[in-house]
Amino acid sequence: DAKRASAQAAGAVVLDLAECGGPPAMLETLGKADIIVDAVFGTGQNRPIAGPVTGALRAARHSGRPVVALDLPTGTDSDTGAFDPNGLPATRSLMLGFPKLGPLIHPAEAQCGEVEVLDIGIPAGLDSDAKTEWLTASLANSFLPVRPPDGHKGTFGRLLIIAGSRSYPGAALLAARAATRSGAGLVELATPESVWDVVAGRVEEAICRRLPERVPGELDTSLAGREALTAAKDATALVIGPGLGQERSTAEFVRMLLRELPKQMPAVLDADALNVLAGAYQWWEHAPRPAILTPHPGEMARLLKTTAAKVQEDRVNIALKAAKDWDVIVVLKGAYTVIAH
């Protein structure tokens, strides 16, 4: 009542849904508006939308007018990302104080529109117990080490990338380009012989190494393994898997590498390396450390022996549990990637 009186004192015209003729009259009124501000429910909503509010929200949805949500669109669960079928999707969401986790999770992320976080004067440090962070450009930048002015390629590490196949040569190129752009001092790309001619020289900064094949498209497990392990001796970090394919010889090659690599070799395991791991018994006991796994929902489902739909239902908790159980960093890719340590 006090808020209503305050609004009227400020010159706002207040329509009571129960007195103005119900949803049809509200729809007519909303049709005259330039914008709708949704301030019905906030982060405390914990039960299904019902009663007269349902009719008002339906009228707002059918009006065709842009909707700006304060904090969260009505119907959004701030923790799980669930969205009430009677909720009101927003064109833009103005989150108050801090970003909310729910809208960054399927299906709520599709209901929030453009998201902006507003500073409402909450003192710094009150979020120190939060277990999640929103990865912004400034936060990512803060993780990058300072590059000394007298640094050179030997200062910034040597990365070995094992990637590519006849079907997916672009995966090797994308990985090498990303590595050079992110600041690795020296990048070496090891790729099958039948791919080498396609990728060599396409990333000017990268060294390209041939992995021997028995026939085009089929790795020679022994010789390719020896070549990769020789390259790994000089590396400070490893990427394995992008576009390698799932041929039997490739799977044998990957298993041999993971068995023979130094256990303290920092490694990113991606794509087909993950598919190989999914078929190995208790693979996490033999993986290098520290390791970063970068599955999409389908790959995560294979690792966990479940379905992609189950993964998508609880992305944050599934990624956290997997990271803890496997003692790795999990990068669960998707519309909003979850990074769990």
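The structure presented is a predicted model; accordingly, all values stated were derived computationally and were not measured.

Section: the pairing of strand 5 (residues 158-162)
In terms of burial, strand 5 is a largely internal element, 4 of the 5 residues being buried. When strand 5 meets strand 6 (residues 186-192), the two strands line up parallel, connected through 5 bridges. From the neighbouring strand, leucine 159 faces strand 6, where its bridge partner is valine 187. Viewed along the sheet, the connection from strand 5 through helix 5 (residues 169-182) into strand 6 turns out right-handed. Bridging between strand 5 and strand 10 (residues 237-240) involves 4 bridges; their strand directions are parallel. Bridge pairing links leucine 159 to alanine 237 in strand 10.

Let's talk about the environment of aspartate 272
Within the secondary structure, aspartate 272 sits in helix 9 (residues 272-278). Counting along the chain gives 27 residues from aspartate 272 to glycine 245, while the straight-line C-alpha distance between them is 5.9 Å. Excluding residues within four positions of it along the chain, aspartate 272 makes contact with Gly241, Gly243, Leu244, Gly245 and Gln246. Looking at aspartate 272, its side chain comes within polar contact range of the main-chain nitrogen of leucine 244, at 3.2 Å.

Focus on the packing of helix 2 (residues 22-30) against helix 3 (residues 52-63)
Orientation of helix 2 relative to helix 3, taken along the N-to-C sense of each, is 35 degrees, at an axis distance of 9 Å. When the axes of helix 2 and helix 3 are compared, the crossing they make is right-handed. Note on element contacts: helix 3 touches helix 2 through Gly55, Ala56, Ala59, Ala60, His62 and Ser63, opposite Pro23, Met26, Leu27 and Leu30.

Considerations on helix 5
Here helix 5 is 14 residues long and its end C-alpha atoms lie 20 Å apart, about the 20 Å a rise of 1.5 Å per residue gives. Within the sequence span of helix 5, burial applies to Ala172, Leu173, Ala175, Ala176 and Ala179. For helix 5, the angular spread of the buried residues around the axis is 165 degrees, confining them to a single face. Residues of helix 5 that are exposed and angled more than 90 degrees away from the buried face: Leu174, Arg181 and Ser182. Turning to helix 5, the residues buried within the fold contact strand 5, strand 6 and helix 6 (193-199). Of the residues trailing helix 5, glycine 183 is marked for its positive phi of about 110 degrees.

Some remarks on the sheet that holds strand 3 (residues 92-96)
Here 4 strands make up an open sheet; going across it, the order is 1-2-3-4 and the pairing parallel. Strands at the two margins of the open sheet, each flanked by one partner only, are strand 1 (36-38) and strand 4 (114-118). When strand polarity is set aside, the average angle formed by the axes of neighbouring strands in this sheet is 20 degrees. For strand 2 (residues 67-70) and strand 3, the ladder comprises 3 bridges, and the chain directions are parallel. Paired with leucine 70 across the bridge in strand 3 is leucine 94.

Regarding a nonpolar patch on the surface
A cluster of nonpolar residues, Leu96, Ile120, Ile122 and Leu126, forms a patch on the protein surface that exposes about 350 Å² of accessible area. Among the structural elements, leucine 126 can be located in the loop between strand 4 and helix 4 (137-143).

Observations concerning the pattern of salt bridges
Pairs may arise between side chains of opposite charge once their charged atoms sit close together. Summed over the entire model, instances satisfying the criterion amount to 10 salt bridges. Residue glutamate 188 is joined to arginine 158 by a salt bridge in which the shortest nitrogen-to-oxygen separation is 3.1 Å. Here the residue glutamate 188 occupies a position in strand 6, and arginine 158 occupies one in strand 5, the gap between them amounting to 30 residues. Using a relative accessible area of 24% as the deciding quantity, one classes arginine 158 as partly exposed. Note that glutamate 218 and arginine 214 form a salt bridge whose closest N and O atoms lie 3.3 Å from each other. Overlapping salt bridges, with partners in common, bring together Arg158, Glu188, Arg209 and Glu227 in one network.

Quick word on helix 10 (residues 297-304)
Residues of helix 10 that are buried: Pro297, Glu299, Met300, Ala301 and Leu303. Where helix 10 is buried, its residues contact helix 9, strand 12 (291-294), helix 11 (308-313), helix 12 (315-326) and strand 13 (329-332). Positive backbone phi, at 60 degrees, marks lysine 305, one or two positions downstream of helix 10.

Brief notes about unusual backbone geometry
In this structure, proline 290 follows arginine 289 across a cis peptide bond, with omega equal to -5 degrees. The residue alanine 271 is not glycine, and still its phi comes out positive at about 50 degrees. Relative to the assigned elements, alanine 271 resides in the loop between strand 11 (267-270) and helix 9. Residue alanine 271 is classed as buried on the basis of its relative accessible area of 15%. Even without being a glycine, lysine 305 presents a positive backbone phi close to 60 degrees. With respect to the helices and strands, lysine 305 occurs in the loop between helix 10 and helix 11.

Focus on the packing of aromatic side chains
Across all of its chains, the model carries 2 aromatic pairs by this definition. Pairing tryptophan 283 with tryptophan 284 gives two aromatic rings, centres 5.6 Å apart and planes at 85 degrees, and the pair type is edge-to-face. For tryptophan 283, a relative accessible area of 5% corresponds to the buried category. Among the residues examined, tryptophan 284 registers a relative accessible area of 28% and is labelled partly exposed. One aromatic cluster in this structure is built from Trp283, Trp284 and Trp326. Taking the ring centre of phenylalanine 156 as reference, the NZ or CZ of arginine 147 above it sits at 3.6 Å. The ring of tryptophan 196 has arginine 210 lying over it, and the distance from NZ or CZ to the ring centre is 3.6 Å.

Definitions and limits used
- Residues numbered from 1 in each chain as written.
- Predicted model: local features only at pLDDT ≥ 70, side-chain atom pairs only at ≥ 80, totals over all residues.
- Heavy atoms only, no water.
- Buried < 20%, exposed > 50% of the residue type's maximum accessible area, 1.4 Å probe, protein only.
- Helix = DSSP H or I, 4+ residues; strand = E, 2+ residues; numbered from the N terminus.
- Pairing = 2+ DSSP bridges.
- Right-handed = clockwise from strand over helix to strand, strands pointing away.
- Contact = heavy atoms within 4.5 Å.
- Polar contact = N/O pair within 3.5 Å; in protein donor to acceptor, adjacent residues only side chain to side chain.
- Axes fitted to C-alpha atoms, helices over the stretch in contact; angles between N-to-C directions.
- Left-handed = near helix turned anticlockwise from the far one by under 90°.
- Expected span 1.5 Å × (residues − 1).
- Arc of directions from axis to C-beta.
- Patch = residues over 30% accessible without salt bridge, like charges linked within 9 Å, V, L, I, M, F, W, Y side chains within 5 Å.
- Areas by Shrake-Rupley, 256 points an atom, 1.4 Å probe, with all protein chains shown as cover.
- Salt bridge = Lys/Arg side-chain N within 4 Å of Asp/Glu carboxyl O.
- Phe/Tyr/Trp six-rings, centres within 6.5 Å; stacked < 30°, edge-to-face > 60°.
- Lys NZ or Arg CZ within 6 Å of the ring centre and 35° of its normal.

Everything listed is a geometric property; what it means functionally is a separate question.
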